[in-house]
Amino acid sequence: MRAETRRARRLKAPAPAPFKNADEVTLGAVVFDKDRDMPATVRGMDGSFVEVDRPTGLAWRVHFSRIRPGSAWERRQLLAVGRLHAQQRRGLT
């Protein structure tokens with residue numbers, strides 16, 4: 001393969017640093033759950049536990065130490081999931 005036809009690999013941006021305490025987590029923020037391996041939006045706090053949900057309606061509680069701030073790519077991924085879910089719901093009615 002010729003050198004000029006090869007695509008250059010993009011370097012991955014490092015993941016944001018995890019939260020040090022529960023006070024750093026803000027409502028409405030996009031976070032990444034390490035256990036479920038997916039981004040979600042913060043909907044509530046209960047001590048050291050954070051309530052998160054996805055645009056599809058899936059919601060769960062997770063300890064703040066198991067989440068980190070979402071990267072720009074993960075925020076775009078979450079928006080795309082929301083748009084896809086809305087499009088699919090429109091097709092069901």
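Note that the structure is a prediction, hence the values are computed from the model and not measured.

Q: Describe the nonpolar core, with residues and values.
A: Counting 13 residues, the largest nonpolar core has Val-25, Val-50, Val-52 and Ile-67 as the members making the most contacts within it. Only strand 2 (38-46), strand 3 (49-53) and strand 4 (59-63) provide two or more residues apiece to this core. Residue contributions to this core peak at three residues, all from strand 2. Ignoring any residue separated from it by four or fewer positions in sequence, one finds Val-52 in contact with Val-31, Ala-40, Thr-41, Val-42, Arg-43, Leu-58, Ala-59, Trp-60 and Val-62.

Q: Help me get a handle on the sheet that holds strand 3, residues and values and all.
A: Think of a sheet as strands paired side by side through backbone hydrogen bonds, with each pair either parallel or antiparallel. The strand order across the open sheet formed by five strands is 4-3-2-1-5, and the pairing between neighbours is antiparallel. The outermost strands of the open sheet, each flanked by one partner alone, are strand 4 and strand 5 (67-69). Going across the sheet, the axis of each strand differs from the next one's by a mean of 45 degrees, ignoring polarity. Across three bridges, the pairing between strand 1 (residues 30-33) and strand 5 is antiparallel. Residue Phe-32 lies in a different strand from strand 5, and its bridge partner there is Arg-68.

Q: Just give me the short version of the pairing of strand 3, but keep the residues and values in it.
A: For strand 2 and strand 3, the ladder comprises five bridges, and the chain directions are antiparallel. Pairing of Met-45 across the sheet is with Val-50, part of strand 3. Linking strand 2 back to strand 3 in an antiparallel pair, the connection comprises two residues, with Gly-47 at a positive phi of about 70 degrees. Relative to strand 4, strand 3 is paired through five bridges, and the arrangement is antiparallel. Counted as the bridge partner of Glu-51 is Arg-61 from strand 4.

Rules behind the numbers
Residues numbered from 1 in each chain as written. Predicted model: local features only at pLDDT ≥ 70, side-chain atom pairs only at ≥ 80, totals over all residues. Heavy atoms only, no water. Core = buried A, V, L, I, M, F, W, Y, C linked by side-chain atoms within 4.5 Å. Buried < 20%, exposed > 50% of the residue type's maximum accessible area, 1.4 Å probe, protein only. Helix = DSSP H or I, 4+ residues; strand = E, 2+ residues; numbered from the N terminus. Contact = heavy atoms within 4.5 Å. Pairing = 2+ DSSP bridges. Axes fitted to C-alpha atoms, helices over the stretch in contact; angles between N-to-C directions.

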